[in-house]
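Close look at the chain arrangement
Here are the chains, one letter per residue:
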Amino acid sequence: MEKRHEPGRRTVLGAAALGAGAAVLAGAGQAQAAGPAERAAGPAARPAPAGRPDKLPVPLVVGHRGASGYRPEHTFGSYQLALDMGADVIEAGDLVPTKDGHLVCRHENDISATTDVADHREFAGRRTTKTVDGKKLTGWFTEDFTLAELKTLRAKERIPDVRQHNTLYNGHWQIPTFEEVLQWAEREGRRRGRPVWIYPETKHPTYFRKLGLGIEEPLAKLLRCYGRHTAHAPNFVQSFEPSSIQRLGKLGVKCPKVVLLDEPSVKPWDFVESGDPRTTADLLTPEGLKWISGFAQGIGPWLPQIIAQDEQGKLGKPTTLVRDAHAAGLVLHPYTVRNENNFLPLDFRVGKNPGDYGNSLAYFKALFATGIDGLFSDNPDTALLAAEEFRRH
Ligand code: G3P
Ligand code: CA
């Protein structure tokens, strides 16, 4: 079975999930303009693109790190391709801070595998060993670089052994900032006449808060500057740490919020730090889901929490999670479906090459058939094709 912690380090909404959360989601899609105070907040302050109300389909497809099956993840090449493929929402991005407090889009603060930092002799001395969320890591970390320094780097493919074709684009794009993402979404929204939905994630928020680099405040400020903090703004926000989602709510971020769920035995890192004894398994129970529904509108489960897999990694039966989460008024957006054999259940693989495509279309369809409200995929085009016959409106 594919582990959640992957190699290399690793409309809504839904008619089906109507409850307190879905009341927020039901009107989602209509971008609201920022008020005068927000517009006066700085040169970047502008209203989000006005456009026709744009209800998201159910189930929706989230372009995971863009269209990262085809381009190096978290680059504008990846985001643009996902949008052009028709992804309903773009995960732009996983957010980590720089030394000078800017939010940049990287899957991890360790940028060794996703940039050419190792080729920059001027940064050789920044290579270091840190413990992030209990894991010891050696590499280069965003919090040790200013934004200006990070902008001298170029993105590269994270898993070149599996995605050799994507190495064609190594070195082509810079690391995006979240503010650049908002500007891009606004520009593309104007061009298309409808909002561009994004799905940023706070990464290691407790770790960064302890460094004096809290993520939620700059995220909330930027969303507010672009009029994307309201209940009907075209974005979700997500985190593996429930307290990060709660903090965003307290900071006035009213758009739909999603708690990501790790493997059952894992404790969210904020729970570890605060001494909360609960594990992810506790959050997956009806009581845990009810607790989440007090401050979030959805969950982002790990795929085997939707359809179990046996010890060999073959697909088993659907769990009760879709029913349980919907009963709690939560939508479900599981992660992450990828076309390559390497990431598919054993019985959906074709041939022995990990980088070859397996029968991902059938796996997508099996997942959509469970009644989920959407999913994250590195291959949004394949996901959209599979979603067609399951779209509920
Ligand atoms: O956010 C959905 C999915 O991306 C969660 O896993 O580790 O890839 O951020 P991760
Ligand atoms: Ca993510």
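If you're wondering where the values come from, they're calculated on a predicted model, not measured in any experiment.

Quick word on the sheet that holds strand E11 (residues 298-300)
Where strands meet in a sheet, backbone hydrogen bonds hold them as pairs that are either parallel or antiparallel. Read from one edge to the other, the open sheet built from 7 strands follows the order E4-E3-E8-E9-E10-E11-E14, with strand pairing classed as mixed. The strands lining the two open edges of the sheet, one partner per strand, are strand E4 (103-105) and strand E14 (331-332). Two strands pair when backbone bridges link them, and strand E3 (residues 94-97) and strand E8 (residues 201-202) are joined in this way by 2 bridges, in the parallel orientation. Opposite leucine 95, over in E8, you have threonine 202 as the bridge partner.

Quick notes on the sheet that holds strand E2 (residues 89-90)
Pairing within the open sheet is parallel, and its 4 strands lie in the order E7-E2-E1-E15. Every other strand in the sheet has two partners, leaving strand E7 (197-198) and strand E15 (374-377) as the edge strands with one partner each. In this structure, E2 lies alongside E7, joined through 2 bridges in parallel fashion. Residue pairing in the sheet places valine 89 in a bridge with tryptophan 197 of E7.

So, the coordination of the calcium ion (ligand 2)
Around the calcium ion (ligand 2), the protein contributes the donor atoms Glu91 (OE), Asp94 (OD) and Glu201 (OE), which lie 2.1 to 2.3 Å from the metal centre. Each of the 6 donor atoms around the calcium ion (ligand 2) contributes to a set of angles spanning 61 to 167°, which defines the coordination as irregular.

Notes on the confidence of the model for the protein
Per-residue confidence for the protein gives a mean pLDDT of 90, with 86% of residues at or over 70. Under a pLDDT of 50 for its full length, residues 7-53 has, in the predicted model, 119 contacts with residues more than four places off or in other chains.

With respect to the environment of serine 112
With respect to the secondary-structure elements, serine 112 resides in the loop between E4 and strand E5 (128-132). The class of serine 112 is partly exposed, set by a relative accessible area of 21%. For the pair serine 112 and threonine 138, spaced 26 residues apart in sequence, the C-alpha separation works out to 8.7 Å. Each residue touching serine 112, except ones within four places of it in the same chain, is listed here: Val117, Thr138, Gly139, Trp140 and Lys156. Within polar-contact distance, the side chain of serine 112 engages the backbone nitrogen of tryptophan 140 at 3.3 Å.

Parameters at a glance
Residues numbered from 1 in each chain as written. Chains lettered and ligands numbered in written order. Predicted model: local features only at pLDDT ≥ 70, side-chain atom pairs only at ≥ 80, totals over all residues. Heavy atoms only, no water. Pairing = 2+ DSSP bridges. Helix = DSSP H or I, 4+ residues; strand = E, 2+ residues; numbered from the N terminus. Donors = N, O, S within 2.8 Å, 3.2 Å for Na, K, Ca; no water. Tetrahedral: all angles 85-135°; square planar, octahedral: opposite > 155°, others 65-115°. pLDDT = per-residue confidence, 0-100. Contact = heavy atoms within 4.5 Å. Buried < 20%, exposed > 50% of the residue type's maximum accessible area, 1.4 Å probe, protein only. Polar contact = N/O pair within 3.5 Å; in protein donor to acceptor, adjacent residues only side chain to side chain.

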